[in-house]
Amino acid sequence: MGNDNTAGGYSFRYSTTISSNTAAKNAIQRALQTWRCAALINMITAATPTETTCAANDNINILSFDNNCTLPVGTLGQTTRWYSSCTNGDKYIIEIDMLFSTAVTWNYGPGATPAANKDFESIVVHELGHANGQGHVLDYGKLMYPSLVSGVDIRQIDDDALTCAHIALAHSAQNNGCTGGSYQPNTSACGIRARIKVFLQGPYNTTTGLMSTTLGSVIPTAQPFNRVPWLYTGTETFSALPTNTTDWVLVEARSTLNGAPIERRAALLRNDGTLLATDGAIGVPFTDLNPYMPYYIAIRHRNHLAAISKNAITLPNAAALDFTQAANIHGSNQVALMSNGKYALYSGDFIANGIINISDYNLYATQIGSAPNQYLDGDCNLDRNITIADFNQYRPNAAVIGVNEIRY
Ligand SMILES: [Ca+2]
Ligand SMILES: [Ca+2]
Ligand SMILES: [Ca+2]
Ligand SMILES: [Zn+2]
């Protein structure tokens, strides 16, 4: 990839066949945003449409229906790329034209795709995979598989496509001596997403493999770490609680294991362990990090022992950093082994200082007897109530000591 539009990436122009179709344009914008969030692609659409409707190396990157240059029968979309050479011998894309069939009945979404229709957004996401340099895969059902069944949508980017995109874009961001300069990852649209998975012992159910969502409506809409010991002043809020949310967590990105965080972000924890942005999108959206650089990740919770990753991971990442595996966590005995073989953050660090001991019990003791249905730190099984069940979570964990790197 290169800097084609002097803004570090590529600008497409709608042909007049698309510019009059608001539903199609909205689907294209969603597809572009999907790629920006997942892989920092720097591709936008320009305000001015073009009369051009056919693929040609004419310095215009078009998005067009195939009214005037009919695609082969059965082809839903087609991306044509032109290349030039960089001084280091690489090739980079100097032009991208994208055509879409008029021979099928499109579902423009964002609703589900009716059985007889083809999903336009899915095809745009697929074609944008080609636009950032990818070919096809032979795994049926993957984004870059060369056909899409009617009635099906594949609007998300799978790990294979994401991994390929990260490799291509990380390389493109280096100085390869391409005319016009280097491609610049777009980090402003959606942040640099850290995909992370973590379980909390308190609300974890070893039978279902999920955490409870009992807190539900008592979860505060604003992040709850704006107090001792975190003193985190971030402004994360949600307007609608994403589906299946368990609680808030605080995530730190650090350059070194024991260094101060470069950036902290509050995120929502879904009951399957996936961390979400406050809008429900997958991944923690950091904004102050450098893309494609390695960071250690620490995870904190109001009443569970914090943990930090064993290794620094490159962000954005494709496969989630998995705190449910002890091998990925720095230090020994930093996470609780659950009876189904998964690991979870230790329950019972009620004052969240990185050691589970009598001072945690003391906080619990001051809250037992509180009115039910509250959001209290003494509730470590996250069932809205402070009961003996919370003490029973704490008791076997008392004397667990977190590594220095996560202690306050
Ligand atoms: Ca063109
Ligand atoms: Ca403690
Ligand atoms: Ca409880
Ligand atoms: Zn294709």
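Calculation criteria
Residues numbered from 1 in each chain as written. Chains lettered and ligands numbered in written order. Predicted model: local features only at pLDDT ≥ 70, side-chain atom pairs only at ≥ 80, totals over all residues. Helix = DSSP H or I, 4+ residues; strand = E, 2+ residues; numbered from the N terminus. Buried ≥ 20, exposed ≤ 12 C-beta atoms within 10 Å, placed from the backbone. Contact = placed C-beta atoms within 7 Å. Pairing = 2+ DSSP bridges. Domains from an automatic or database assignment. Axes fitted to C-alpha atoms, helices over the stretch in contact; angles between N-to-C directions. Core = buried A, V, L, I, M, F, W, Y, C linked by C-beta atoms within 7 Å.

Draft legend 1. Structural context of the overall build of the protein chain. Assigned secondary structure in the protein chain consists of six helices and 21 strands. Here the C-alpha coordinates of the protein chain stretch approximately 75 × 50 × 35 Å along the principal axes. Here the protein chain, with 408 residues, has 44% of them falling under the buried criterion. Sequence-distant contacts in the protein chain: of pairs separated by 6 or more residues, those separated by 24 or more amount to 66%.

Draft legend 2. Region of interest: the pairing of strand β1 (residues 10-14). Only one face of β1 is buried, namely the one carrying Y10, F12 and Y14, since none of S11 and R13 on the opposite face is buried. Summarising the sheet, β1 and strand β2 (residues 43-45) pair through three bridges and their orientation is parallel. What sits directly across from Y10, in β2, is M43. In terms of strand pairing, β1 meets strand β3 (residues 62-65) through two bridges, oriented parallel. The residue bridging Y14 from the neighbouring strand is L63, located in β3.

Draft legend 3. Structural view of the domain arrangement of the protein chain. The domain boundaries assigned to the protein chain delineate domain 1 (10-172) and domain 2 (192-406). Between domain 1 and domain 2, the residue contacts involve nine residues of the former and seven residues of the latter. Only α2 (22-39) and α4 (159-172) provide two or more residues apiece to the side of domain 1 that touches domain 2. Per-element accounting of the side of domain 1 that touches domain 2 gives the leading share, five residues, to α4.

Draft legend 4. Quick look at the sheet that holds β2. The five strands lie next to each other as β2-β1-β3-β5-β4, forming an open sheet whose pairing is mixed. This sheet does not close on itself; its edge strands, each paired only once, are β2 and β4 (77-85). On average, each strand axis in the sheet is inclined to that of its neighbour by 25 degrees, with strand direction left out of account. In this fold helix α3 (residues 120-131) packs onto β2, β4 and β5 (91-100), with an angle of close to 15 degrees to the strand it touches most, β4.

Draft legend 5. Region of interest: the nonpolar core. Among the nonpolar cores identified, the biggest contains 47 residues, and A31, W35, A39, M43, V124, L128 and I157 are the most heavily contacted of them. The element that contributes the greatest number of residues to this core is α2, accounting for nine residues. Setting aside residues up to four positions removed in sequence, A31 forms contacts with E121, V124, V125 and L128. Judged by nonpolar contacts, the second largest core, of 46 residues, contains I196, A266, A306 and I356.

Draft legend 6. Representation of the pairing of β5. The element β5 is largely enclosed, with a buried count of seven among its 10 residues. Alignment of β3 against β5, held across three bridges, turns out to be parallel. Each bridged residue has a counterpart across the sheet, and for S64 the counterpart in β5 is L99. When β4 meets β5, the two strands line up antiparallel, connected through nine bridges. Opposite W82, over in β5, you have E95 as the bridge partner. The antiparallel pairing of β4 with β5 creates a hairpin that spans five residues between the two strands, and G89 there sits at a positive phi of about 95 degrees.

Draft legend 7. Region of interest: the environment of N132. Residue placement: N132 occurs in the loop between α3 and α4. For the pair N132 and H166, spaced 34 residues apart in sequence, the C-alpha separation works out to 10.0 Å. Sequence-distant contacts of N132, defined by excluding residues within four places in its chain, comprise M1, I41, A165, A168 and L169.

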